[in-house]
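Close look at the chain arrangement
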Amino acid sequence: MITAIVFIEAETARIPEVAEAIAALDGVSEVYSVTGQIDLVALVRVKRHEDIASVVSDQLNKVPGVVDTETHIAYRAYSRHDLEAAFSIGLD
């Protein structure tokens, strides 16, 4: 599974509807409204790198109200859940 984190700038008055439209796209697992210089963060999870282009360039960027995007490809994941699971192996 390949994960891309997409920073999205949206038209201010349309942020809720833009977020809902992006969340409905195949390949988008989550959308967050955030504080700071960007308006939304979307997590895209796909099987192939080529699929990122399909989701982001062909669909997400064309959602009415999207002004700009910046895409980051994740290459390693760290999470508290994963660490806790690793340290609890064999303790039960």
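As annotated in an unreviewed UniProt entry, the protein chain is Lrp/AsnC ligand binding domain-containing protein from Nocardioides panacisoli.

Re the overall build of the protein chain
Along the backbone of the protein chain there are three helices and four strands. In the protein chain, the order of α-helices and β-strands from amino to carboxyl end is β-α-β-β-α-β-α. Restricting the contact set of the protein chain to residue pairs at least 6 apart, pairs at least 24 apart contribute 64%. As displayed, the protein chain has an accessible area near 6500 Å², and 53% of this comes from carbon and sulfur atoms.

A closer look at the sheet that holds strand S3 (residues 40-46)
The strands that make up a sheet pair up through hydrogen bonds in the backbone, lying either parallel or antiparallel. Within the open sheet, the four strands sit side by side as S2-S3-S1-S4. Their pairing is antiparallel. Of all the strands in the sheet, just strand S2 (28-33) and strand S4 (66-73) have a single pairing partner and so form its edges. Each strand axis lies, on average, 20° off the axis of its neighbour in the sheet, ignoring direction. Both strand S1 (residues 2-10) and S4 contribute to a ladder of seven bridges, which runs antiparallel.

Looking at the pairing of S3
The element S3 is extensively covered by neighbouring structure, given that six of its seven residues are classed as buried. The pairing of S1 with S3 spans seven bridges and is classified as antiparallel. Paired with isoleucine 8 across the strands is leucine 40, a residue of S3. Here S2 runs beside S3; their pairing, made up of five bridges, is antiparallel. Residue pairing for S3: tyrosine 32 is matched across the bridge by valine 41. What sits between the antiparallel neighbours S2 and S3 is a turn of six residues, in which glycine 36 has the positive phi angle 110°.

Quick word on the nonpolar core
In terms of nonpolar packing, the biggest core is built from 21 residues, with Ile8, Ile22 and Val44 touching the most fellow members. Counting residues per element, this core draws most heavily on S1, which supplies five residues. Once residues within four sequence positions are removed from consideration, isoleucine 22 is found in contact with Ile8, Val28, Val31, Leu40, Ala42, Leu60, Val63 and Val66.

Considering helix H2 (residues 49-56)
Each α-helix turn comprises 3.6 residues. Residues three or four places apart therefore point the same way. Looking at H2, one finds that the buried residues are Asp51, Ile52, Val55 and Val56. Each buried residue of H2 lies within a common arc of 120° when the element is viewed along its axis, so the set occupies one face. Packed against the buried residues of H2 are S1, S2, S3 and S4.

Comments concerning the environment of alanine 74
Here alanine 74 is to be found in the loop between S4 and helix H3 (80-87). Between the C-alpha atoms of alanine 74 and alanine 4, which are 70 residues apart in sequence, the distance is 5.7 Å. When sequence neighbours within four positions are dropped, the list of residues in contact with alanine 74 reads Thr3 and Ile5.

The rules we used
- Residues numbered from 1 in each chain as written.
- Predicted model: local features only at pLDDT ≥ 70, side-chain atom pairs only at ≥ 80, totals over all residues.
- Heavy atoms only, no water.
- Helix = DSSP H or I, 4+ residues; strand = E, 2+ residues; numbered from the N terminus.
- Contact = heavy atoms within 4.5 Å.
- Areas by Shrake-Rupley, 256 points an atom, 1.4 Å probe, with all protein chains shown as cover.
- Pairing = 2+ DSSP bridges.
- Axes fitted to C-alpha atoms, helices over the stretch in contact; angles between N-to-C directions.
- Buried < 20%, exposed > 50% of the residue type's maximum accessible area, 1.4 Å probe, protein only.
- Core = buried A, V, L, I, M, F, W, Y, C linked by side-chain atoms within 4.5 Å.
- Arc of directions from axis to C-beta.

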